[in-house]
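A structural walkthrough
Residues per chain, in single letters:
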Amino acid sequence: MPAPVNSHRQKLDEVHFLADEFGIPAPKAAELVAGASTEAEDLAAEAMREEHERDPLAAEPVPGGDKDREHIEKDIEDLEKPVRHDRSAPT
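Here goes a summary of the coordinates provided.

Calculation rules
Residues numbered from 1 in each chain as written. Predicted model: local features only at pLDDT ≥ 70, side-chain atom pairs only at ≥ 80, totals over all residues. Heavy atoms only, no water. Buried < 20%, exposed > 50% of the residue type's maximum accessible area, 1.4 Å probe, protein only. Helix = DSSP H or I, 4+ residues; strand = E, 2+ residues; numbered from the N terminus. Arc of directions from axis to C-beta. Contact = heavy atoms within 4.5 Å. Core = buried A, V, L, I, M, F, W, Y, C linked by side-chain atoms within 4.5 Å. Lys, Arg positive; Asp, Glu negative; His and termini not counted. Salt bridge = Lys/Arg side-chain N within 4 Å of Asp/Glu carboxyl O. Polar contact = N/O pair within 3.5 Å; in protein donor to acceptor, adjacent residues only side chain to side chain.

Quick word on helix H2 (residues 26-34)
Listed in full, the buried residues belonging to H2 are Ala 26, Ala 29 and Ala 30. For H2, the angular spread of buried residues about the axis comes to 100°, placing them on one side. Buried residues along H2 sit in contact with helix H1 (8-22) and helix H3 (38-53). Trailing H2 by a residue or two, Gly 35 shows a phi angle of about 80°, which is positive.

Here it is in structure tokens:
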């Protein structure tokens, strides 16, 4: 039988584990760890705040906002198909 979770940090780690590994939303995970209490609300709020601070894509390159001139469409009118306004036959 696992040892009971006592410290706030241990409980917060458990909430993160449940959220990350099992996809349980932080409020529900906090309720599972701490029961229905204000401590569960505090754990959920802190877990969500820490989740928002983590950036899993921080090391990945981000494309620039400006496109190269050669990749911008100049005029696409000739690529569009004409719209026909025929009445459809009754079914």
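Don't stop here, the text continues.
A few points about the nonpolar core
Generally speaking, soluble globular proteins have nonpolar side chains that are buried together. Membership of the largest hydrophobic core is limited to 10 residues, which are Leu 12, Val 15, Leu 18, Ala 26, Ala 29, Ala 30, Ala 40, Leu 43, Ala 44 and Ala 47. Mapped onto this core, the elements with two or more residues apiece are H1, H2 and H3. Ignoring anything within four residues of it in the chain, the contact list for Val 15 reads Ala 26, Ala 29, Ala 30, Val 33, Leu 43 and Ala 47.

Observations concerning the side chain of Glu 46
Inspection of the secondary structure assignment puts Glu 46 in helix H3. An unpaired buried charge is present at Glu 46: no salt bridge exists, and Arg 49, the closest side chain of opposite charge, is 4.1 Å distant. Among the polar contacts listed, one links the side chain of Glu 46 to the side chain of His 8, at a separation of 2.7 Å.

Remarks on the pattern of salt bridges
By the definition in use, this model includes six salt bridges. Between Arg 9 and Asp 13 there is a salt bridge; the shortest N-O distance is 3.0 Å. Of the two residues, Arg 9 and Asp 13 are both situated in helix H1; the distance of four residues between them amounts to about one turn of the helix. Here Asp 20 makes a salt bridge to Arg 54, at a shortest N to O gap of 3.5 Å. Placement of Asp 20 in helix H1 and of Arg 54 in the segment after H3 is noted, with a sequence separation of 34 residues between them. Take Asp 20: its relative accessible area is 44%, and that puts it in the partly exposed class. Judged by its relative accessible area of 40%, Arg 54 is partly exposed.

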